[in-house]
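Commentary on secondary and tertiary structure
So you can see what is in the structure, the chains are spelled out below.
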Amino acid sequence: GGRAELIGRLGAAVEEHRLGGPIRGFQMRMPWLLCNIASGLGCAFIAEAHNELLETVIVLAAFIPLVLPVTESVGVQAAELSVGLLRSNASLAAFLRRLRTEAATSILLGIATGGIVGLSTLLFTQPEERNRIILILLVSVIAAMMIAALIGSFVPRILRRLGADPKFASGPVTLMAVDVASTLTYLTVATAFFARHAPAVTP
């Protein structure tokens, strides 16, 4: 998954600088921990903003840990491909071709994954709410995967322009952005759906 790939890449960075001492180790690793803290805080604020909905439809919260890993994987994979493209062909035309391919791929992945995650509601939901939750998961996973693919594609190019090393910086930054974007997308879709079909439970 996305985090496993990130851990492997950071491990390589740590090994590369393992003789640099504790200060160098701190300088290398602390920014990535800050990315994790920032994404966690961002997701917490988003969840708190949708607190009434989550308290009313408790099962929605249970599926957040399913939505995030699949979108993280798509985002980090897109970032890896974008980093590779920067090394082989950094032209705008090549990037736009890659972006179109990544967007189409993410839609197909979203349909397949959203369908599987949606079907998992059979294990956790009551029959009267099942169809709603399936639709929320399907729509939100497709949308979140598209957003994750775009984030992963753009982040390496942005980081390079800012002077950072895309090889090591893209993963943590992509994960941070994808976590926040996916949580926001999922809960926004859920809120919109319940606002339309069950106004009494909207936040």
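Quick caveat: nothing in here was measured; it's all calculated off a predicted structure.

Turning next to the overall build of the chain. Of the regular secondary structure elements, the chain holds eight helices and zero strands. Going from the N terminus to the C terminus, the chain shows its helices and strands as α-α-α-α-α-α-α-α. In the chain, of all internal contacts separated by at least 6 residues, the share reaching a separation of at least 24 is 80%. Accessible surface, the chain: about 10,600 Å² in total, of which carbon and sulfur atoms supply 68%.

The next thing to look at is a nonpolar patch on the surface. Side chains of L34, I37, L41 and F45 sit close together on the surface and give an oily, nonpolar patch of about 430 Å² of accessible area. Position of I37 relative to the elements: it lies in helix 2 (residues 21-49).

Counting 34 residues, the largest nonpolar core has L60, I133, I136 and Y186 as the members making the most contacts within it. At the level of secondary structure, the elements contributing two or more residues to this core comprise helix 2, helix 3 (51-56), helix 4 (59-62), helix 5 (64-88), helix 7 (127-161) and helix 8 (166-197).

In this section: the packing of helix 5 against helix 6 (residues 92-119). Following both chains from N to C, one finds helix 5 and helix 6 inclined at 160°, their axes separated by 11 Å at the closest point. Classified by the angle between their axes, helix 5 and helix 6 sit roughly antiparallel to one another. Of the two elements, helix 5 crosses helix 6, and the hand of that crossing is right-handed. Together, L66, V70, V74, A78, L81, S82 and L85 of helix 5 and A94, F95, R98, E102, L109, T113 and V117 of helix 6 make up the contact between the two elements. Class assignment of the residues belonging to the contact of helix 5 with helix 6 gives a composition of ten nonpolar, two polar and two charged.

On to the pattern of salt bridges, then. A complete count under the given rule lists one salt bridge for this structure. Close ionic contact of R98 with E102 constitutes a salt bridge, the shortest N to O distance being 2.9 Å. A residue pair is termed a helical-turn pair when its members lie 3 or 4 positions apart in one helix, as R98 and E102 do in helix 6 at four residues.

Turning next to the environment of A192. Mapped onto the elements, A192 comes out in helix 8. For A192, a relative accessible area of 47% puts it in the partly exposed group. Residues A192 and I136 lie 56 residues apart in sequence; the distance between their C-alpha atoms is 9.4 Å.

Helix length check: helix 6 (28 residues) gives 40 Å between terminal C-alpha atoms against 40 Å at 1.5 Å per residue, within 8%. Among the residues of helix 6, A94, F95, L99, E102, S106, G110, T113, G114, V117 and G118 are the ones counted as buried. Those residues of helix 6 that are buried lie in contact with helix 5 and helix 7.

Counting all residues, the mean pLDDT for the chain is 83, and 86% of those residues have values of 70 or more. By mean pLDDT, the top-scoring element of the chain is helix 6 (92), and the lowest-scoring one is helix 1 (residues 2-16) (52). The low-confidence segment residues 199-203 (pLDDT under 50) makes 13 contacts with residues lying over four places distant or belonging to another chain.

So, on to the side chain of T174. As for its position among the elements, T174 is in helix 8. The exposure class of T174 is buried, given its relative accessible area of 0%.

What the rule picks out here adds up to two aromatic pairs. Ring centres 5.2 Å apart and planes at 75° place the aromatic pair F95 and F154 in the edge-to-face group. Residue F95 is found in helix 6, and its partner F154 is found in helix 7; the two are separated by 59 residues along the sequence. A residue is classified by how much of its surface remains accessible, and F95, at 4% relative accessible area, is buried. The exposure class assigned to F154 is partly exposed, which follows from its relative accessible area of 36%. Pairing F193 with F194 gives two aromatic rings, centres 6.4 Å apart and planes at 80°, and the pair type is edge-to-face. Here the two residues F193 and F194 agree in accessibility, since each one is buried.

What counts, and where the lines are drawn
Residues numbered from 1 in each chain as written. Predicted model: local features only at pLDDT ≥ 70, side-chain atom pairs only at ≥ 80, totals over all residues. Heavy atoms only, no water. Helix = DSSP H or I, 4+ residues; strand = E, 2+ residues; numbered from the N terminus. Contact = heavy atoms within 4.5 Å. Areas by Shrake-Rupley, 256 points an atom, 1.4 Å probe, with all protein chains shown as cover. Patch = residues over 30% accessible without salt bridge, like charges linked within 9 Å, V, L, I, M, F, W, Y side chains within 5 Å. Salt bridge = Lys/Arg side-chain N within 4 Å of Asp/Glu carboxyl O. Core = buried A, V, L, I, M, F, W, Y, C linked by side-chain atoms within 4.5 Å. Buried < 20%, exposed > 50% of the residue type's maximum accessible area, 1.4 Å probe, protein only. Axes fitted to C-alpha atoms, helices over the stretch in contact; angles between N-to-C directions. Parallel < 35°, antiparallel > 145°, perpendicular 65-115°, else oblique. Left-handed = near helix turned anticlockwise from the far one by under 90°. Nonpolar A, V, L, I, M, F, W, Y, C, P; charged D, E, K, R; others polar. Expected span 1.5 Å × (residues − 1). pLDDT = per-residue confidence, 0-100. Phe/Tyr/Trp six-rings, centres within 6.5 Å; stacked < 30°, edge-to-face > 60°.

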